[in-house]
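Spelled out, the chains give:
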Amino acid sequence: MMKIDIHNHILPERWPDLKERYGYGGWVQLHHHCQGKAKMMKDGKLFREVDANCWDPEVRMKEMDDTGVTVQVLSTVPVMFSYWAKPEDTLDLCKILNDDMDKICKKYPTRFVGLGTVPMQAPELAVQEMKRCVQELGFPGIQIGSHVNEWNLDAPELQPIFATAEEIGCAIFVHPWDMDLSGRMKKYWLPWLVGMPAETTTAMCSMVFGGVLERFPKLKVCFAHGGGSFPYTVGRIEHGFNVRPDLCAVDNPINPRKYLGQIYTDSLTHDPKALSLLVDVIGEDRVLLGSDYPFPLGEHHPGKLITSMQDFSEQLKDKLLAGNACEFLQLDRSKFQPVKATQ
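Residues numbered from 1 in each chain as written. Predicted model: local features only at pLDDT ≥ 70, side-chain atom pairs only at ≥ 80, totals over all residues. Heavy atoms only, no water.

> Whenever I open this one, the sheet that holds strand β4 (residues 45-51) confuses me. Can you help?
Strand pairing in a sheet relies on backbone hydrogen bonds, with the paired strands running either antiparallel or parallel. The strand order across the open sheet built from three strands is β2-β3-β4, with neighbouring strands paired in antiparallel fashion. Both outer strands of the open sheet, β2 (28-34) and β4, are each paired with one neighbouring strand and no more. For this sheet the average axis-to-axis angle between neighbouring strands, irrespective of direction, equals 30 degrees. Where strand β3 (residues 37-42) lies against β4, six bridges are found, and the strand directions are antiparallel. Across the sheet, residue K42 finds its bridge partner in β4, namely K45. (Pairing = 2+ DSSP bridges. Helix = DSSP H or I, 4+ residues; strand = E, 2+ residues; numbered from the N terminus. Axes fitted to C-alpha atoms, helices over the stretch in contact; angles between N-to-C directions.)

In structure tokens, the structure reads:
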């Protein structure tokens, strides 16, 4: 079966010294300390160690062949969003990241598709770079964070970005980021295990309650990690809307459940019952294979959970593995050939 994996992260192998380039700190640098491994460093502190599959397309393709992945849809690592920085500096970094991704996609057009990154803290510049990503680089969409500094995704300032995305047919992949790392969240990897699903749910509720999906009905938005806790708590969210419209319906009078069938999520749930619920709630045409490759919290054999689902028909499995991604990103499926897993 063909597999198109919507959720994969990549970095350039090298990029300029950003502190030197922009004149202040807070940036991530990649320090290659031994063969096939590098440390992501932020102001001298280790953020994460990564392997060559985080930057080397040849290594990625070998691992894709091993697990039968036809196409990876590439996006940057969210820590690189840099919405906190001066807008012109973030724009410059976005161009570095997008141009590097474009080179990979152009070199291997049957294996990789790109989602750009844009300086969301400066909507005019974000629109400018989004147009470049779609109209010049040929990307079908962009990846954005679950919030932008103090703005949730319902912020009026962000609406021109969504309006332009709808107008030019730019799909949006929303990834949680910038979770609370302090206090009670310091232990047990809680920012990733608890904070990320909460961030995604906050982003979804903000777009629903804020009327973003009502104003832009043709806007295609996909949320990472199986939509966080939203599919499980949509009943609570709807009930809150019904019993406290003075709090929940202040910007949009439409019941949140109306947007089920319009919202997309990836499939990354790690649990068969959760995946079954996700498909039931979000819709058979709205869930896309997403693995979070190449990181530990991802599905290490992309699509294995989907193919293992005994209650899913072969037609449904094909939608989840490839068909829905082609529809979401407007990809021509005939340009890609299925890869048979070697493992």
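> When you look at the sheet that holds strand β7 (residues 141-145) in this model, what are you seeing that I'm missing?
Pairing is parallel across the open sheet formed by eight strands, whose spatial order is β1-β5-β6-β7-β8-β9-β10-β11. Edge positions in the sheet fall to β1 (4-9) and β11 (287-288), since each of these pairs with one other strand and no more. Alignment of β1 against strand β5 (residues 71-75), held across four bridges, turns out to be parallel. Directly across from N8, in β5, lies its bridge partner L74.

> What's the story with unusual backbone geometry in this structure? I'm lost.
Glycine aside, negative phi is the norm for most residues, and most peptide bonds take the trans geometry. A cis amide bond links Y293 to the next residue, P294, at an omega of 5 degrees. Within the element layout of this structure, P294 appears in the loop between β11 and α11 (304-308). Backbone geometry places D178, a non-glycine residue, at a positive phi of 55 degrees. Following the sequence through the fold, D178 ends up in the loop between β8 (171-175) and α6 (190-209). Residue D292 is not a glycine yet carries a positive backbone phi of 65 degrees.

> I would appreciate a short explanation of the side chain of T117 in the present structure.
Counting through the fold element by element, T117 comes out in the loop between β6 (112-116) and α4 (123-135). Assessed through its relative accessible area of 2%, T117 is described here as buried. If near-sequence neighbours (up to four positions away) are discounted, T117 is found in contact with T76, F81, C94, L97, N98, E129 and Q143. (Buried < 20%, exposed > 50% of the residue type's maximum accessible area, 1.4 Å probe, protein only. Contact = heavy atoms within 4.5 Å.)

> Help me out: how do you make sense of helix α12 (residues 314-329) in this one?
Every α-helical turn comprises 3.6 residues, leaving residues that sit three or four positions apart pointing alike. Its 16 residues give α12 an end-to-end C-alpha distance of 22 Å, which sits within 8% of 22 Å, the value for a rise of 1.5 Å per residue. Roughly 55 degrees is the biggest bend found in α12, and it falls at L320. Among all positions of α12, only L316, K317, L320, L321, A322, N324, A325, C326, F328 and L329 are buried. Of the residues flanking the end of α12, it is Q330, one or two places downstream, whose phi is positive at about 55 degrees. (Expected span 1.5 Å × (residues − 1). Bend = angle between axes of the 7 residues up to and from the residue.)

In short, geometric facts, not functional conclusions.
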